[in-house]
Every structure is written in C-alpha cells, then in structure tokens.
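Topology and contacts: notes
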Amino acid sequence: MMPRTRLAAALIPAMALLFCLRSEGWDPCVQVVPNISYQCMELNLYKIPDNIPTSTKILDLSFNHLSHLNSHSFSNFPELQMLDLSRCEIQMIEDDAYQGLNHLSTLILTGNPIQSLAPGAFSGLSSLEKLVAVETNLASLEDFPIGHLKTLKELNVAHNLIHSFKFPEYFSNLPNLEHLDLSNNKIQNVYHEDLKVLHQMPLLNLSLDLSLNPLDFIEPGTFKEIKLNELTLRSNFNSTHVMKICIQGLAGLKINRLVLGEFKNERNLQSFDRSVLEGLCNLTFEKFRIAYFSEFPRDDIGLFNCLVNVSMISLLSLDLDSLEALPKDCRWQHLELINCNFKQFPTLKLNSLKKFVFIDNKGMSTFTEFELPNLQFLDLKRNRLSFKGCCSHTNFGTTKLKHLDLSFNDVITMNSNFLGLEQLEHLDFQHSNLKQANDFSVFLSLRNLRYLDISYTNTRVVFHGIFVGLVRLQTLKMAGNSFQNNLLPDIFTELTNLIILDLSKCQLEQVSQMAFHSLPRLQVLNMSHNKLLSLDTLPYKPLHSLRILDCSFNRIMESKEQELQHLPRSLALLNLTQNDFACVCEHQSFLQWVKDQRQLLVGAEQMMCTQPLDMQDMPVLSFRNATCQMNKMIISVSVLTVLLVSVAGVLVYKFYFHLMLLAGCKKYGRGESTYDAFVIYSSQDEDWVRNELVKNLEEGVPPFQLCLHYRDFIPGVAIAANIIQEGFHKSRKVIVVVSQHFIQSRWCIFEYEIAQTWQFLSSRAGIIFIVLHKLEKSLLRQQVELYRLLNRNTYLEWEDSVLGRHIFWRRLRKALLDGKPWRPEGTADADSRQQEATAST
C-alpha cells in the first residue's frame, strides 16, 4: 500500500493541475436542490452567474459584489420565488431590474448601500409578499417605488435614515399589508397628514413597530378612528413629558395589542410618572404590555385607571411594591407580572381574571390569599414563596382552577386535600419544600389530574395512601425524594392510567413485589440513580405496556436466571449502565444473558465489571464463560501465559479496528451513504450538538442526516464497532467538534484517529473540523497530530453572534453539500420548507 506521505505528494500536484484546467464556465454555486435551489454566498461574484438553470426557485447571492443591477438582471430565472441579495454592495438598481419574476414572493436587500433606486426598480414583482430593505440608506418612504406591489404583506425598512412618518399615497394600493417595521430610524414627529392614507383606507390587520425612533411629538387626533392590529413603542422617548405628549397623541386609536416600554439594554428614561398612562384612556385596545421602565411608581393608586377594559395585561421588569389599588371594574382576563420586585404578594380581587402568571418576583417571602373566582390558570413558579396552608379553593378564591404551578418556591405546608380544586389537571411542586404531604391523602380530591410533579420536594413517603384519588393521572414525577426503609411499597394502586413514572434519585434499595401491579398502561419507568443491589424483574412483570426501563447508576451486581424471564415482552429499551456488576462464575447465566440481549440493552458496551479486581473496569461483554471451567491450579500456573496473551490481545484489539475499517471500505466503498456526516464530539458539548448542530442541519434546507451516537448507534453492538460500521462506513463526511473536553476525552481521540485512517483508506477529503472555543495551545499540543492538522487545514470556528452564526451555517452546509446525491422526491418538500424558513426570519 502506498504510504500516506507519498499519496499526498502525488495528489496535490494533480489537484492543482485540475484547478488550472477547469473551464471558464465552471459553476461556483452550491447546488442545494438540483434545478431548484442554489447557494452562491461569499463567492466574490461581480455578476450574476449565467449557468444556473432557468427552473431555479430559490437563489442566495448574499455577500458578493453586485454593485449594479441592470434592467432584466434576473430574466433568466422566471420561476424564482425567493431571492437573497443581502450585503452585496448594491449601489444602483435600474428600471425593470426584477422584470419577469412573476412568482417571486420574498426579496431580501439587507445591508446594501443603495444610492440610486429607479422608479421602476421593483416592476414586474406581481407576487411579492415580503420585502426586506434593512440598512439600505433609505431616507423616505415617499421615494420607495413599491406602490404597485398589491400582494405585499410584510415590509421591513428598519435601521434606515427615514425622518418622516408620512404614509405615501401609494399605501392605498397595498391592501394586504400586515406588518410594517420602521424601528431604529430617525422619526421624531408624527402629524395628522402623515396618516391621511390610513384614514381614507384603513389597513385593519396592520402591525406597526416604531421602536428606537427618537419620538418628540405626535399631533393629537393623528390616530383617531384608525384601527391597527399591534403598535410597538419601545425606547422611543427621552423624558416622561415627551412620552406623555406622544401617548396623548394616540387618542382615538383602536388597536388589538399595544406595547410600551424600553429594551433591557436601551434605557432612556431616568424616571417614570404615573400621569404618562393617563392618555391611554383615549385609546381602545384589547392587550397591553409595558416593560423595562426604571423608577416605576412604587404604588399603583390610579396607575391602571385607563386599562380597566383590556383583556390581557403584562408587566415585565418593573419596580412595583404592590398591586392593591386596582379599579373595581377591571375586566382583565389574563395578567402577567414577571420580575417586578414586589415587596408583598398582591391581594387581587378580579372577578374576570382567568389566567394569572406571577413568576420571578423574589422580593417577598409569604403567599397571601386572593379572590379570583374565575381563575383557571395560575403560574407562581420561581418566587421563593412560603405557603402556610395549601391547598384549597380559599387560597385562590376560585373553584375553576385547571393549571397550578408552585415550583421553585420555599416551604409549602400541606394541610388540605385541594378541597374545591377538583378540576385541576396540571400540578407542579418541583424544587419546593413540601411539608406534611405524607400525613394524609393530600391529593384525594384531584380525580381529574393528569400531570403531577413533586420532584425534589424533600418528601419522605411513609403513608401508603399518598396518591389515593389520582385515578386519571398520566405523568408522575417524584425524583429526588425518599421512602421509608428505602423500600418502594405498593403506593400506586389507583394510578391505573399512569404512562410516565420517574423514581430516580430516591435512594431506593428494594422494590416491593406488588409495587407496579396496578400500572398496566405504564410505558416509561425511570429507576436510575438509586441503590438497587439486584435486578429483580418480578415487580416489572405486570407492566404489559412498558417500553423504556432505566436502571442505570444503581449498585446492581447480577440477576438470577429465573428472574430475567419476568421482563415485559413489550420492553424495547433497558438501561443497566453504571452499575456494580460482578463478573464471576457465580453470575455466569446473567453475564451470558447480557451478551444475548445486546439489542435490548442501552449502551451494553458501557456496562463495566467492578468485581473481581482483575476484571475491574473491564466491559461485561468481555467476560468469557470458558474461564469458569478452569481450575485454580491451572490459573496459578498460567499467570505468565495469561499476561502474554493479554498483551497480544491488546495489540490485536488495537489494530483490529483498523482492519475492520479497511474491510468496511472495500465493502461499502461503492455504495450509497446512509448519513451525510458522522459527528465526533465530547459528551460535555452535547447541548451544543443537540440545540445548534442537529437543529440547524437536520431541520434546515436541504436537510442533512447526521449520525449521532446517542441516537443512531445500534444497541447491543460494541461502541468501537458502532463507530466504524454505523459512523464511518455509512457516512459521506465526518464532523469533528474540537473543544477542551474533546482533547481530554480518550474516546474522542480514538474516534478522531480512526477518522484519519478512514480518510486515508477511502481517499476522501471528508473531515470537517469545528472549533467551539479558543483552545489553549499547551493543551492542544498534547495531541500533536491534531495540532498540526488544525495549523495546516481550514477549519470552522463557532461564533455566537448574528453575523457569525449566519456565515458559520452557510459555510458548513456548503461543505456538506459537496458530493451529496440528489433525491428528486425531496425537491418539492425542500422547496416548501425553504420558503417557510425564509419567511419566518
């Protein structure tokens, strides 16, 4: 076989020659979906490529140098539906530049320093619904030639130089306009003449955002009789006096939702005068939100007089001492008080209120009863509240409550069994300190409850009737609690509809034989992080619907052969990892059962022996039954032989995977790959892989199929075999997520070394390096080969910013699209998803 260095020396000149000989018409764009979607981002293009198919519907030309768009610039693409020209340095757009694009629905021009915009620049766009012209040096809506775009629904001209709020007359030709974003412009004054068009032809469903404009004056009567869906005014005013004048100028406005306030990092007002809100009395609106005002009035006397008729009110991050002087005729149905620093719990008396959200208000300690007769939804989490008596209808003044969340609070003393709260369906106490919950059947009245969470509530279960009455319960979470004598008794007798049960971290050492006999519908059971010494399967026998059983992180040593027959036939996944398995001849039948049930067992390769000492930290699967036939004399005489054989075995084991990889390359080399990429990463970086990499690649357009160990590895197969057979053999590419955790992980380095061999044997340039964080060179130099590769090869760096993420995902998708086969049947779906993704941004 040709050495790696000689092979590289032969390939580099050949690639250089191929680059020099390529034709002038070579297409640099990435073909996302053949004949449908093309990505030409960051290719230093100075003109629109002329060799893209005329059937193209999605075209991304962002981050290029298209300074001048001539007439009929895109006439070669009559089927185009989405066109992205972001940051293309466009300075001039001539008449009829988009002529012929009758199907275009989305046009993005963000970040272009446009100096000349011809009157007919947007002619021909008869189907355009979304136009984004953020940061385009636009100085006036009057000069924006879009009056003929009758299908337009969304217009975003934020971050421009617009000084006048005047709606041009052509707005009367935009009957479908639903969203107008004018935020972060230079608008200071709003006059009656500015909205003359809206008076003549109201846009009933229009949402208007004027945030971050330095408003000084709104002429009274300007908005009279005008109807809007939503109006947002945040960080607009430099004083409460100006704000008061402007709100008075909104008199006569009819609106569904009004948002006032400031942004967390954009605060202009030093103080807030309650008289500012008096002008709201002259408006008609259904929903109101006010957020992030500094020095908000400490008392609420007269503060909400003009808000009595709204249906929903939200107060976010305001300094309110109390909320007691509310007008008696308030018609609020939905009230949110979030992070408002209350000094005492508000004693509300609102007959109309149906939903009350009171969270993250940590300035008080004691709960106070209130009178809310029609309340159905109550969320009181993360307030550090103490409840001296809980829970009955007298606490909340209602008998209609269906959702109650008291999680992440302080001490909650249970002295009632929810009398008058029989309609409850959702109840959450997690991470609060429950007292007296074990003294009686506290949930006796809750026959309609579907969800109950009492996890980490310091509950010690002694009373066997604690869950009596929960006949419709489907989910029960009680992790982090304890049981008398560390024994799980028969306490679930009436929970015949239970589907999910979490008993993790409950210090359990034993399970009663009848513990689960009344749970025929249970599908998920979590028994992890307890102290179980044996896998006693008899208690699980009645669970005819059980699909997942997690017994990881216990102290299980073995299970008797006859007991293993009692596992439910419906069981699909059994997790026994991180236990104290004794790999001795006395447990030979159990160890053989583990080998035979690899498909059932989650992470069977990670099941390690803890006894005897000579097998400590060895995989359970490595136990050999033949050793049980050897006598002690033979073992003592053969110690030296065994050592030699062990060394030889290690060497064979080390090179076994390389041989397996070589054999796989021959077997799978010509076949079609199942996955687009196999991801190598440290478990410490799994959150980033799940929430960023998987979400953006597998749910993006086009979707890429990733091979992930926690999801795609076959249960019962050795980790290394899974890495090779499922990871490398069935993937076109390999993504290596490099971090400090990665460098310190033996498994990660092992996978990386196998990846190098795979790349060499398969003759592919298939490894894509992603560096998550800045790495210390001293740490990186510990892996010499990796250090050299990162210095010699182009790699991707993760940057958590809007622009950085944008560039990162486009570069990564481009790399993954290289060599990706086209599946015609996915074209239409991919096209549809691309349009939806674009519209949502």
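Residues numbered from 1 in each chain as written. Predicted model: local features only at pLDDT ≥ 70, side-chain atom pairs only at ≥ 80, totals over all residues. Heavy atoms only, no water.

1. What to know about the overall build of the chain
Secondary structure summary: the chain contains 16 helices and 44 strands in total. For the chain, the proportion of its 841 residues judged to be buried stands at 51%. Sequence-distant contacts in the chain: of pairs separated by 6 or more residues, those separated by 24 or more amount to 61%. Surface summary for the chain: the accessible area is close to 39,300 Å², and the carbon and sulfur share equals 50%. (Helix = DSSP H or I, 4+ residues; strand = E, 2+ residues; numbered from the N terminus. Buried < 20%, exposed > 50% of the residue type's maximum accessible area, 1.4 Å probe, protein only. Contact = heavy atoms within 4.5 Å. Areas by Shrake-Rupley, 256 points an atom, 1.4 Å probe, with all protein chains shown as cover.)

2. Some words on a nonpolar patch on the surface
A cluster of nonpolar residues, Ile548, Leu573 and Val602, forms a patch on the protein surface that exposes about 190 Å² of accessible area. On the basis of relative accessible area, Leu573 is assigned to the partly exposed category, the value being 32%. (Patch = residues over 30% accessible without salt bridge, like charges linked within 9 Å, V, L, I, M, F, W, Y side chains within 5 Å. Salt bridge = Lys/Arg side-chain N within 4 Å of Asp/Glu carboxyl O.)

3. Thoughts on the nonpolar core
Ranked by internal contacts, the top residues of the largest apolar core, which has 192 residues, are Tyr98 and Phe516. Sequence-distant contacts of Phe516, that is, excluding residues within four places in its chain, are made with Leu488, Phe492, Leu501, Leu503, Val511, Leu525, Met527, Pro539, Tyr540, Pro542 and Leu543. Counting 27 residues, the second-largest nonpolar core is a separate cluster that includes Val33, Leu693, Leu796 and Leu816. (Core = buried A, V, L, I, M, F, W, Y, C linked by side-chain atoms within 4.5 Å.)

4. A closer look at the side chain of Asn575
Among the structural elements, Asn575 can be located in strand E36 (residues 573-575). With sequence-adjacent residues up to four places away left out, Asn575 is seen in contact with Leu549, Asp550, Cys551, Ser552 and Val602.

5. Some details on the sheet that holds strand E22 (residues 387-390)
One open sheet holds the three strands; their spatial order is E22-E24-E26, and the pairing between them is parallel. The open sheet has two edge strands with one neighbour each: E22 and strand E26 (433-435). Neighbour-to-neighbour, the strand axes of this sheet turn through a mean angle of 30°, independent of strand direction. Pairing geometry for strand E24 (residues 411-414) and E26, over three bridges, is parallel. (Pairing = 2+ DSSP bridges. Axes fitted to C-alpha atoms, helices over the stretch in contact; angles between N-to-C directions.)

6. Side note on the packing of aromatic side chains
Enumeration according to the criterion identifies 33 aromatic pairs in this entry. Ring geometry for Phe74 and Tyr98: centres 5.6 Å apart, planes at 5°, overall stacked. Separated by 24 residues along the polypeptide, Phe74 in the loop between strand E4 (68-69) and strand E5 (82-84) and Tyr98 in the loop between strand E6 (92-93) and strand E7 (106-108) bring together distant segments of the chain. Of the two residues examined, Phe74 and Tyr98, each falls in the buried class. Relative to Phe396, the ring of Phe370 has its centre 5.9 Å away and its plane inclined at 45°; by these criteria the two rings are tilted. One end of the pair, Phe370, is in the loop between strand E20 (355-359) and strand E21 (377-379); the other, Phe396, is in helix H4 (residues 393-396), and 26 residues separate them in sequence. By relative accessible area, Phe396 is classed as buried at 0%. Each residue in the set Phe342, Phe345, Phe356, Phe358, Phe367, Phe370, Phe387 and Phe396 is aromatic and connected to the rest through ring pairs, giving one cluster. A cation sits over an aromatic face here: Arg234 above Phe263, 4.3 Å from the ring centre. (Phe/Tyr/Trp six-rings, centres within 6.5 Å; stacked < 30°, edge-to-face > 60°. Lys NZ or Arg CZ within 6 Å of the ring centre and 35° of its normal.)

7. A word on the pairing of strand E16 (residues 254-261)
Judged from the seven bridges that link them, strand E15 (residues 227-234) and E16 form a sheet pairing that is parallel. Looking at the pairing, Glu230 lines up with Arg257 of E16. Of the strand pairs in this sheet, E16 and strand E17 (residues 284-291) are connected by seven bridges, and their pairing is parallel. By the bridge assignment for E17, Gly261 is matched with Ala291.

8. A few points about the state of the cysteines
Evaluated as defined, the whole model comprises four disulfides. Here Cys281 is linked by a disulfide to Cys306, with a sulfur-sulfur distance of 1.6 Å. Across the disulfide from Cys281 to Cys306, rotation about the S-S bond amounts to roughly -80°, and the bridge is consequently left-handed. Within this pair, whereas Cys281 is found in the loop between E16 and E17, its partner Cys306 is found in the loop between E17 and strand E18 (312-316), the two being separated by 25 residues in sequence. Residue Cys390 pairs covalently with Cys391 via a disulfide, S to S 1.3 Å. On the basis of relative accessible area, Cys390 is assigned to the buried category, the value being 1%. (Disulfide = S-S within 2.5 Å.)

9. Observations concerning the environment of Val134
Residue placement: Val134 occurs in the loop between strand E9 (130-132) and strand E10 (154-156). Here the alpha-carbon distance between Val134 and Ser86, two residues 48 residues apart in the chain, equals 9.3 Å.

10. Things to note about unusual backbone geometry
The amide bond that connects Gln611 to the next residue, Pro612, takes the cis arrangement and shows omega of -10°. Looking along the chain, the bond that leaves Val701 and enters Pro702 is cis, with omega of -5°. Mapped onto the fold, Pro702 is located in the loop between helix H8 (686-698) and strand E41 (706-707). Look at Glu42: it is not a glycine, yet its phi comes out positive at around 55°.

11. Focus: helix H5 (residues 588-596)
Turning to H5, its buried residues are Phe590, Leu591, Trp593, Val594 and Lys595. Tucked inside the fold, the buried residues of H5 contact E36, strand E37 (581-582) and strand E38 (601-602).

12. Structural notes on the sheet that holds strand E43 (residues 767-771)
Spatial ordering of the open sheet is given by E41-E40-E42-E43-E44, a layout of five strands whose pairing is parallel. Of all strands in the sheet, those with a lone pairing partner are E41 and strand E44 (796-797), marking the two edges. Strand direction decides the pairing type here: strand E42 (residues 731-738) and E43, joined by five bridges, are parallel. Residue Val736 lies in a different strand from E43, and its bridge partner there is Phe769.

13. Some remarks on the pattern of salt bridges
By the definition in use, this model includes 16 salt bridges. Among the salt bridges present, the one from Lys381 reaches Asp379, with a minimum N-O distance of 2.5 Å. Asp379 carries the same exposure label as Lys381, and that label is buried. Connected through shared salt-bridge partners, Asp60, Asp84 and Arg810 make up one network.

14. Observations concerning the packing of H8 against helix H15 (residues 802-817)
Between H8 and H15, whose axes approach to 11 Å, the crossing angle comes to 65°. For the pair H8 and H15, the crossing hand works out as right-handed. Note on element contacts: H15 touches H8 through Arg805, Phe808, Trp809, Leu812, Arg813 and Leu816, opposite Trp688, Glu692, Leu693, Asn696 and Leu697. (Left-handed = near helix turned anticlockwise from the far one by under 90°.)

15. Brief notes about the confidence of the model for the chain
Taken over all residues, the pLDDT of the chain has a mean of 84, while the share at 70 or more is 86%. Here residues 1-26 scores under 50 on pLDDT; set against residues more than four positions off or in separate chains, the count is ten contacts. Below a pLDDT of 50 lies the segment residues 825-841, which in the model reaches 23 contacts outside its immediate sequence neighbourhood of four places, other chains included. (pLDDT = per-residue confidence, 0-100.)

16. Digging into helix H10 (residues 719-728)
Extensive coverage of H10 is indicated by the burial of nine of its ten residues. Taken together, the buried positions of H10 are Ile719, Ala720, Ala721, Asn722, Ile723, Ile724, Glu726, Gly727 and Phe728.

17. Considering the environment of Glu135
Within the element layout of this structure, Glu135 appears in the loop between E9 and E10. Expressed as a C-alpha distance, the spacing of Glu135 and Val157, which sit 22 residues apart in the sequence, is 7.5 Å. Ignoring any residue separated from it by four or fewer positions in sequence, one finds Glu135 in contact with Arg87, Gly111, Asn112, Ala158, His159 and Asn160.

18. Digging into the side chain of Asn433
Tracing the backbone shows Asn433 in strand E26. Polar contacts involving the side chain of Asn433 include one to the side chain of Asn458, which spans 3.3 Å. Residue contacts for Asn433: discarding those within four places in its chain leaves Asn409, Asp410, Val411, Ile412, Thr457 and Asn458. (Polar contact = N/O pair within 3.5 Å; in protein donor to acceptor, adjacent residues only side chain to side chain.)

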